[in-house]
Amino acid sequence: MKKLLLPLLTLTLLTACATSPTGRSQLMLVSPESAIVESKKAYLSTVSELDRENKLVDDPLLVDKVATITGRLVTVARQKYPQSANWEWSVAIIDDPETVNAWCMAGGRMAVYTGLFDKLKLTDDEFAQIMGHEISHALANHTAERMSRAMATSLGVVAVGVAADNSGVAMMGAAAAAKFALELPNSRTAELEADNLGMRLATQAGYEPDAAVTLWQKMAKSGGAAPPEFLSTHPAPGNREARLAEMIPEMRGLNPDGRLAPVSAVDIVR
């Protein structure tokens, strides 16, 4: 059994590969479709809890801002990434003025925290950069990739457990890794990928690419002793602003007239 399992696990890791929109090789033990299914379950559970706690915002002005900007980004995403055309695009606006954060699960289910607006005083262009970045994580299947990283760790634990004839320890490790998968931060490689794709989405939707730089300047200044929650799952390399600035001329060529994209319908969860 030991002799058969270890080569099988190795073969699984070697063959479960995919390619990201930028051409990067990705480890995919969890399919994008499975990640979407699991994300929907987690999202509905989270939204239900927020609703019970009366934490969902329905302020008309904020709802209109979020729906309009996100709707333009979704229009571009659907055009450029046909696999997302039938996603259930939705945004929950969470009443938490102290939390500077936003996220997008597999399948286009998103959340933004009011702290983003209260703490950073975002322009529309800067908010578009945040949402473009988050949507890009979903388009590039980063949720499935994070879950796959956790599963790869679990398979390694299982293999060690079998080799040591200690299946109890192996199963505990696998269960912990599976739970941890949904909380794993994105890798720096995935972050840079989302920066690039997100700037493209925002620019093609009609928003200023320069805002990507001013956004991260604001993010850095807002940290103080406690970094924004956003940075806990979005590692920020020191040269991020410089990298973003270098991309601006190329981005401007994608939409030289700055024409705004039409607004697609996005469900605001309330």
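Since this is a predicted model, take the numbers as computed values, not measurements.

Quick notes on empty space enclosed by the protein
In step 1: Going through the model one piece at a time under the given rule, you end up with one cavity of 30 Å³ or more.
In step 2: Of the volumes computed, that of the largest cavity is approximately 90 Å³.
In step 3: Along its surface, the largest cavity is lined by Gln 129, Ile 130, His 133, Ala 194, Asp 195, Gly 198, Met 199, Ala 212, Leu 215, Trp 216, Phe 230 and Leu 244.
In step 4: For the lining of the largest cavity, the secondary structure elements donating two or more residues are α5 (124-139), α8 (188-204) and α9 (211-223).
In step 5: If you tally residues by element for the lining of the largest cavity, the top one is α8, at four residues.

Points about helix α2 (residues 32-52)
In step 1: Taking 1.5 Å of rise per residue, 21 residues should cover 30 Å, and α2 covers 30 Å from first to last C-alpha, within 8% of that figure.
In step 2: Those residues of α2 not exposed but buried are Ala 35, Ser 39, Tyr 43, Val 47 and Leu 50. Along the axis of α2, the buried positions cluster into a sector of 90 degrees, meaning they face one direction only. For α2, the exposed residues set more than 90 degrees away from the buried face come down to Lys 41 and Arg 52.
In step 3: At the C-terminal side of α2, Asn 54 shows a positive phi close to 60 degrees.

Some remarks on the pairing of strand β4 (residues 102-105)
In step 1: Along β4, one buried face is formed by Ala 102 and Cys 104 and the opposite face, lined by Trp 103 and Met 105, is buried too.
In step 2: The pairing of β4 with strand β5 (residues 109-113) spans four bridges and is antiparallel. Its bridge partner being in β5, Cys 104 is matched across the sheet by Met 110.
In step 3: Taken together, β4 and the strand that follows it, β5, pair antiparallel across an intervening segment of three residues, in which Gly 107 is found at a positive phi of about 90 degrees.

Quick word on the packing of aromatic side chains
In step 1: Going through the model one piece at a time under the given rule, you end up with three aromatic pairs.
In step 2: With a centroid separation of 6.0 Å and 85 degrees between ring planes, the pair formed by Tyr 43 and Trp 103 is classed as edge-to-face. On the criterion of sequence distance, the pair formed by Tyr 43 in helix α2 and Trp 103 in strand β4 is long-range, its members being 60 residues apart.
In step 3: Exposure remark for Tyr 43: the relative accessible area of 4% places this residue in the buried category.
In step 4: Since its relative accessible area comes to 18%, Trp 103 is described here as buried.
In step 5: Ring centres 5.3 Å apart and planes at 40 degrees place the aromatic pair Trp 87 and Trp 89 in the tilted group.
In step 6: The class of Trp 87 is buried, set by a relative accessible area of 11%.

The rules behind each value
- Residues numbered from 1 in each chain as written.
- Predicted model: local features only at pLDDT ≥ 70, side-chain atom pairs only at ≥ 80, totals over all residues.
- Heavy atoms only, no water.
- 1 Å grid on protein atoms, 1.4 Å probe; cavity = no way out; pocket = protein on both sides within 12 Å on 5 of 7 lines; lining within 4 Å.
- Points joined across faces, edges and corners; volume = space filled by probe spheres on them.
- Helix = DSSP H or I, 4+ residues; strand = E, 2+ residues; numbered from the N terminus.
- Expected span 1.5 Å × (residues − 1).
- Buried < 20%, exposed > 50% of the residue type's maximum accessible area, 1.4 Å probe, protein only.
- Arc of directions from axis to C-beta.
- Pairing = 2+ DSSP bridges.
- Phe/Tyr/Trp six-rings, centres within 6.5 Å; stacked < 30°, edge-to-face > 60°.

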